Amino acid sequence: MQKTLRFIVKSSMAFIILSIFWVLIYKWINVPATPLMVIRKWQSDNEYVIKHQWVQLSKISTHLQLAVICSEDQRFVEHNGFDKKAIEKAMAEHKSGKRLRGASTISQQTAKNVFLWPHRSWVRKGFETYFTFLIETFWSKERILEVYLNSIEMGNGIYGAQAASQFWFNTSAIALNRDQATAIAAILPNPIKFLANPASGYIQKRKRWITIQMRNYGTLVLKDE
């Protein structure tokens, strides 16, 4: 029993040390690939091509930065990684009989995409909470947003703002206008199913909603480090 307990304690300590080191590395080193990229490649045939090109936050259109914040996590600059109001609202709606909807913040999505696997489970959610705490502790909000915009899936085989801009609109991430930015932000709930260009009626509707949210939100104050 004591040997088992010592093994658990040592394993836990080793995991904590390694995970902190991992997070600190990505504070300065750009993420070369994510678990989702590897899984998609493994599950697909040899013709599956990953398009992914890292760019600094300053090289990503502020229209896109603001669009994803307004569509995914409007309290991003205020919370510590967890939006308590969104969680409480989601739980209240679930108790009233509605389908349980997600309340993940950009920080949580970043932690999941960079460090974990995509399939939902309570185990993964626990690790997601842990890594969210770590990146909120060791990274700035600017770094979290930069990693998020460079790592998330934005189409079939398309990862990050630069690849998405080139694929959907034949332009660079810095050159995206507001209409193009809202189109990319609109497909994020399901980038495999939805198309940013040409946009369906549903995506056009989401674009209009995001545009209104951007106007109400105001000027984005985040700046590259």
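Residues numbered from 1 in each chain as written. Predicted model: local features only at pLDDT ≥ 70, side-chain atom pairs only at ≥ 80, totals over all residues. Heavy atoms only, no water.

S.K.: Explain the overall build of the chain here, please?
M.R.: Counting its regular elements, the chain contains 10 helices and three strands. Buried positions account for 44% of the 225 residues belonging to the chain. Taking the intrachain contacts of the chain between residues at least 6 apart in sequence as the baseline, contacts between residues at least 24 apart amount to 70%. Of the accessible surface of the chain, which amounts to about 12,900 Å², a share of 58% is contributed by carbon and sulfur atoms. (Helix = DSSP H or I, 4+ residues; strand = E, 2+ residues; numbered from the N terminus. Buried < 20%, exposed > 50% of the residue type's maximum accessible area, 1.4 Å probe, protein only. Contact = heavy atoms within 4.5 Å. Areas by Shrake-Rupley, 256 points an atom, 1.4 Å probe, with all protein chains shown as cover.)

S.K.: Honestly, the pattern of salt bridges in this entry has me stumped. Any pointers?
M.R.: When their charged atoms lie close together, side chains carrying opposite charge are able to pair. For the structure shown, the criterion picks out seven salt bridges. Residues Arg124 and Glu128 are paired through a salt bridge, measuring 2.9 Å at the closest nitrogen-oxygen approach. Residue Arg124 and its partner Glu128 are both found in helix H6 (residues 122-138); the two are separated by four residues, about one turn of the helix. The same class applies to Arg124 and to Glu128, which are both buried. A salt bridge links Asp179 to Lys207; its shortest N-O distance comes to 3.0 Å. With Asp179 in helix H9 (residues 178-186) and Lys207 in helix H10 (residues 201-217), this residue pair connects regions lying 28 residues apart in the sequence. Each of Arg124, Lys125 and Glu128 takes part in one network of salt bridges that share partners. (Salt bridge = Lys/Arg side-chain N within 4 Å of Asp/Glu carboxyl O.)

S.K.: What's the story with a nonpolar patch on the surface in this structure? I'm lost.
M.R.: Side chains of Leu5, Val9, Met13, Phe15, Ile16, Ile17, Trp117, Val123 and Phe127 sit close together on the surface and give an oily, nonpolar patch of about 800 Å² of accessible area. Secondary structure elements with two or more residues in the nonpolar patch: helix H1 (2-28) and H6. With six residues, H1 is the largest single contributor of residues to the nonpolar patch. (Patch = residues over 30% accessible without salt bridge, like charges linked within 9 Å, V, L, I, M, F, W, Y side chains within 5 Å.)

S.K.: Teacher, can you tell me more about the packing of helix H8 (residues 161-169) against H9 here?
M.R.: Between two packed helices, both the angle of their axes relative to each other and the distance between the axes serve to describe the pair. Here H8 crosses H9 at 110°, and the two axes come no closer than 11 Å. Judged by the inter-axis angle, H8 sits roughly perpendicular to H9. Contact residues: H8 offers Ala164, Ser165, Trp168 and Phe169, while H9 offers Gln180, Ala183 and Ile184. Here the residues of the contact of H8 with H9 are counted per class, giving five nonpolar, two polar and no charged. (Axes fitted to C-alpha atoms, helices over the stretch in contact; angles between N-to-C directions. Parallel < 35°, antiparallel > 145°, perpendicular 65-115°, else oblique. Nonpolar A, V, L, I, M, F, W, Y, C, P; charged D, E, K, R; others polar.)

S.K.: Would you mind going over helix H5 (residues 106-115) with me for this structure?
M.R.: Because an α-helix packs 3.6 residues into every turn, residues spaced three or four apart end up facing the same way. Counting buried positions along H5 gives nine out of 10 residues, so the element sits mostly inside the fold. All buried positions along H5 are accounted for by Ile106, Ser107, Gln108, Gln109, Thr110, Ala111, Asn113, Val114 and Phe115. The inward-facing, buried residues of H5 abut H1, helix H2 (35-43), helix H3 (62-72), H6 and helix H7 (141-151).

S.K.: What exactly am I supposed to notice about the packing of aromatic side chains here?
M.R.: Each pair of aromatic rings is reported with the distance of its centres and the angle of its planes. By the definition in use, this model includes 13 aromatic pairs. Pairing Phe15 with Tyr130 gives two aromatic rings, centres 5.6 Å apart and planes at 35°, and the pair type is tilted. Of the two residues, Phe15 sits in helix H1 while Tyr130 sits in helix H6, which places them 115 residues apart along the sequence. By relative accessible area, Tyr130 is classed as partly exposed at 22%. Relative to Phe131, the ring of Trp22 has its centre 6.0 Å away and its plane inclined at 85°; by these criteria the two rings are edge-to-face. (Phe/Tyr/Trp six-rings, centres within 6.5 Å; stacked < 30°, edge-to-face > 60°.)

Read these as layout, nothing more, since geometry by itself doesn't imply function.
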